[in-house]
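Understanding the architecture of this molecule
What follows is each chain in one-letter form.
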Amino acid sequence: MTGRRCVVTGAAGGIGLAIAEALIERGDRVLLADLDEQRVSEAGERLGQPWFAGDVASEAGVTDLVARADEELGGVDVFVANAGIFRGFGLDADEFDWSLSLDVNLMAHVRAARALVPRWSVENPGVFAVTASAAGLLTQLGSPTYSVSKRAAVGFAEWLAATYGDRGVRVTALCPMGVATPMAEAGETATEPDARLAHASVAAAGETLAPSEAARVLLEAIDEGRFLALPHESVGTMYGRKAQDTDHWLSGMQRFRTSLGG
Ligand SMILES: NC(=O)c1ccc[n+]([C@@H]2O[C@H](COP(=O)([O-])OP(=O)(O)OC[C@H]3O[C@@H](n4cnc5c(N)ncnc54)[C@H](O)[C@@H]3O)[C@@H](O)[C@H]2O)c1
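Residues numbered from 1 in each chain as written. Predicted model: local features only at pLDDT ≥ 70, side-chain atom pairs only at ≥ 80, totals over all residues. Heavy atoms only, no water.

Describing helix H1 (residues 14-25)
To be explicit about the condition: Each helix is a run of DSSP H or I of at least 4 residues and each strand a run of E of at least 2, with the numbering of both proceeding from the N terminus. The span one expects for a helix is its residue count, reduced by one, times 1.5 Å. In this scheme, a residue with accessible area under 20% of its type's maximum is buried, one over 50% is exposed, and one in between is partly exposed, where area comes from a 1.4 Å probe on protein chains only.
A rise of 1.5 Å per residue sets the reference length of H1, with its 12 residues, at 16 Å; its end C-alpha atoms lie 17 Å apart and thus fit the reference within 8%. Within H1, the full set of buried residues consists of Gly-14, Ile-15, Gly-16, Leu-17, Ala-18, Ile-19, Ala-20 and Leu-23.

As structure tokens, then:
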């Protein structure tokens, strides 16, 4: 399908920008949304697409975003809830780290689904895609806030699929390990031990992919109507092993943590 009306959040750079570019490449129109006005406006101008600067973690921000999409595109066929943050390390993660992580990594998805899913039906179908993480299926060493908020994002997406998947809403969850983006680069200069552990574990777990590869795998999963989009195939294997023998998987995670000095 081409010519769809799409919204991608967190589209000023990294995976979100790559998803927007991949959609545009196949003939879709995309409203690029991000908190960072300068970068999202530059990306929108460069790609010849509309852009929106705002905070998708707040209900008002999502309401404004959907209103802008209606204005610019005349509706939304594909929503990609991709904006995310990676903050809060170890048990030092404080109340602010927890609430912001849950707002951006989970509640932004819930708020967007509340605004959009009731509009979609078998006659007028929509796609709701989320960028979760491998951390949402497994865990993220060093960061409880990221582990829990990404797990919750997968949980919400599963609930949406179970409830609306046969009523015209296609749900896909992108769950990569490392992808070369500004988020990943920020970890290279981390000094706090749990933050260093978090980033070292992503680097050691598997290949760091280009954002365009994560975008390609997401679009392929959407086309095929698959729930899970796994740019790193090993994540599916580990997820299966975890379900089969969780204690064994946890022992492996402990050994992995120790091997990284955590
Ligand atoms: N890079 C990785 O290794 C990796 C791995 C797995 C999952 N992810 C997930 O991929 C998604 C994209 O991350 P990325 O790696 O491209 O990082 P990134 O930091 O380059 O992009 C995230 C974008 O989200 C925007 N954003 C943050 N909070 C926002 C808010 N409240 N409202 C609107 N925009 C907001 C940021 O300004 C930024 O442009 C995130 O959800 C991240 O958790 C990344």
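Quick notes on the site of the ligand
Where we set the bar: Residues are counted as near a molecule or strand when any one of their heavy atoms sits within 4 Å of it. Identification of polar contacts relies on pairs of N or O atoms within 3.5 Å, with a donor-acceptor requirement for protein atoms, meaning one able to donate a hydrogen and the other able to accept it, and with residues adjacent in sequence counted only if both atoms are side-chain atoms. Computed with a 1.4 Å probe, the accessible areas rest on the Shrake-Rupley method; for each residue, only the protein chains presented here act as cover. Only Asp, Glu, Lys and Arg are considered charged, only Ala, Val, Leu, Ile, Met, Phe, Trp, Tyr, Cys and Pro nonpolar, and every remaining residue, Gly among them, polar.
Residues in close proximity to the ligand total 28 residues, the closest being Asp-34, Asp-55, Asn-82, Tyr-146 and Thr-181. With respect to the ligand, the side chain of Asp-55 contributes an N or O atom lying 2.7 Å from a nitrogen atom. For the ligand, an oxygen atom lies 2.9 Å from a polar atom in the side chain of Lys-150. With the chains in place, 92% of the 820 Å² that the ligand exposes on its own is no longer accessible. For the shell around the ligand, the class distribution of residues is 15 nonpolar, nine polar and four charged.

Topic: the packing of aromatic side chains
Note the threshold: Pairing of aromatic rings covers Phe, Tyr and the six-membered ring of Trp, with a centre-to-centre limit of 6.5 Å; geometry is then stacked below 30 degrees between planes, edge-to-face above 60, and tilted otherwise.
All told, the structure shown has five aromatic pairs when counted by the stated rule. Taken together, a centroid distance of 4.2 Å and an interplanar angle of 35° make the contact between Phe-86 and Tyr-146 tilted. Of the two residues, Phe-86 sits in the loop between strand S4 (78-81) and helix H4 (95-116) while Tyr-146 sits in helix H5 (residues 144-164), which places them 60 residues apart along the sequence. For the pair Phe-86 and Tyr-146, a shared accessibility class is recorded, and that class is buried. Look at Trp-159 and Tyr-164: their rings are 6.2 Å apart centre to centre, the planes differ by 75°, and that puts the pair in the edge-to-face class. On the accessibility criterion, Trp-159 (46% relative accessible area) is partly exposed.

Observations concerning the sheet that holds strand S3 (residues 51-53)
Note the cut-off: Pairs of strands are assigned from DSSP output, requiring at least two bridges between the strands. Any pair of residues with heavy atoms lying within 4.5 Å of one another is described as a contacting pair. Where helices are involved, their axes are fitted lines through C-alpha atoms of the stretch in contact, as for all axes, and angles between N-to-C directions lie from 0 to 180°.
Spatially, S3-S2-S1-S4-S5-S6-S7 is the arrangement adopted by the seven strands of the open sheet, whose pairing is parallel. Single-partner strands in this sheet number two, and they are S3 and strand S7 (228-229). Sheet analysis places strand S1 (residues 5-9) next to S4, joined by three bridges and oriented parallel. By the bridge assignment for S4, Cys-6 is matched with Val-78. In the packing of helix H3 (residues 59-73) onto the sheet, contacts are made with S1, strand S2 (29-34), S3 and S4, and the angle to S2 comes to roughly 155°.

Considering the packing of H1 against helix H2 (residues 37-47)
Cut-off, in case you're wondering: When describing relative orientation, an angle under 35 degrees is termed roughly parallel and one over 145 degrees roughly antiparallel, while 65 to 115 degrees is termed roughly perpendicular and anything else oblique. For any pair of crossing helices, the crossing counts as left-handed if the nearer helix is rotated counterclockwise from the farther one by less than a right angle, and right-handed if it is rotated clockwise.
Running from N to C, H1 and H2 cross one another at 15°; their axes reach a closest spacing of 12 Å. Classed by the angle they form, the pair H1 and H2 counts as roughly parallel. Of the two elements, H1 crosses H2, and the hand of that crossing is right-handed. On the side of H1, the interface is formed by Leu-17, Glu-21 and Ile-24, while H2 contributes Ala-43, Arg-46 and Leu-47. A breakdown of the residues in the contact of H1 with H2 according to their chemical character gives four nonpolar, no polar and two charged.

Focus: the pattern of salt bridges
Pairing is possible between side chains that carry opposite charge, provided their charged atoms lie close to one another. Inclusion rule: We define a salt bridge as a side-chain nitrogen of Lys or Arg found within 4 Å of a carboxyl oxygen belonging to Asp or Glu.
As enumerated under the stated definition, the model contains 13 salt bridges in all. Via salt bridges that share partners, Glu-213, Arg-216, Glu-220, Glu-224 and Arg-226 belong to a single interconnected network.

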